[in-house]
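Coordinates in review
Residue strings, one per chain:
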Amino acid sequence: MVRKLKAGEEIGHIGHVRKTSLSNAKTHLSKFVDLAEHRGQRILILRHGKPAAVIAPADLPTTSAPPLTTSETKDLLDRLARCAPPSESIEEALGRRRHDPAK
């Protein structure tokens, strides 16, 4: 059973998924993004009556990698110090490019 909310909007029978047409989503995109971001709602966008896309909460992870220990930091710096220096600096390459008479 599908219960009508407003013109162009519905709530489906599987969970609380709001359905809307693509044209209605274009008109009310900010409203639908707010519903997803602040209320956790999902909005199914229909194109010609068929599911085309979903607006859903981002749920981005808030954790990050643990910081490096002192020994890991020292090891990383040692490995970087052993790297060969570049053959030329970026400034030299750009200068050569700007002053190349062949171009």
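Since this is a predicted model, take the numbers as computed values, not measurements.

About the cut-offs
- Residues numbered from 1 in each chain as written.
- Predicted model: local features only at pLDDT ≥ 70, side-chain atom pairs only at ≥ 80, totals over all residues.
- Heavy atoms only, no water.
- Helix = DSSP H or I, 4+ residues; strand = E, 2+ residues; numbered from the N terminus.
- Areas by Shrake-Rupley, 256 points an atom, 1.4 Å probe, with all protein chains shown as cover.
- Core = buried A, V, L, I, M, F, W, Y, C linked by side-chain atoms within 4.5 Å.
- Buried < 20%, exposed > 50% of the residue type's maximum accessible area, 1.4 Å probe, protein only.
- Contact = heavy atoms within 4.5 Å.
- Arc of directions from axis to C-beta.

Here we take up the overall build of the protein chain. Helix and strand content of the protein chain: four helices and five strands. For the protein chain, the α and β elements follow one another from N to C terminus as β-β-β-α-α-β-β-α-α. When the accessible surface of the protein chain is totalled, it reaches about 8,900 Å², and 58% of it is carbon and sulfur.

Listed in full, the seven residues of the largest apolar core are Ala25, Phe32, Leu35, Ala36, Ile43, Ile45 and Ile55. Of all elements in the fold, only α2 (29–39) and β4 (42–47) reach the threshold of two or more residues within this core. The element contributing the most residues to this core is α2, with three residues. Beyond its immediate sequence surroundings of up to four residues, Ala36 is in contact with Gln41, Ile43, Ile55, Ala56 and Pro57.

Here we come to unusual backbone geometry. Positive phi, close to 55°, is recorded for His48, a residue that is not glycine. By the secondary structure assignment, His48 is in the loop between β4 and β5 (50–55).

Turning our eyes to something else, we now look at α2. When α2 is considered as a whole, its buried residues turn out to be Phe32, Leu35 and Ala36. Down the axis of α2, the buried set is contained in an arc of 90°. They therefore lie on one face. Away from its buried face by more than 90 degrees, α2 exposes Ser30, Glu37 and His38. Positive phi appears at Gly40, one or two residues downstream of α2, with a value of about 70°.

Just distances and angles here, no functional claims.
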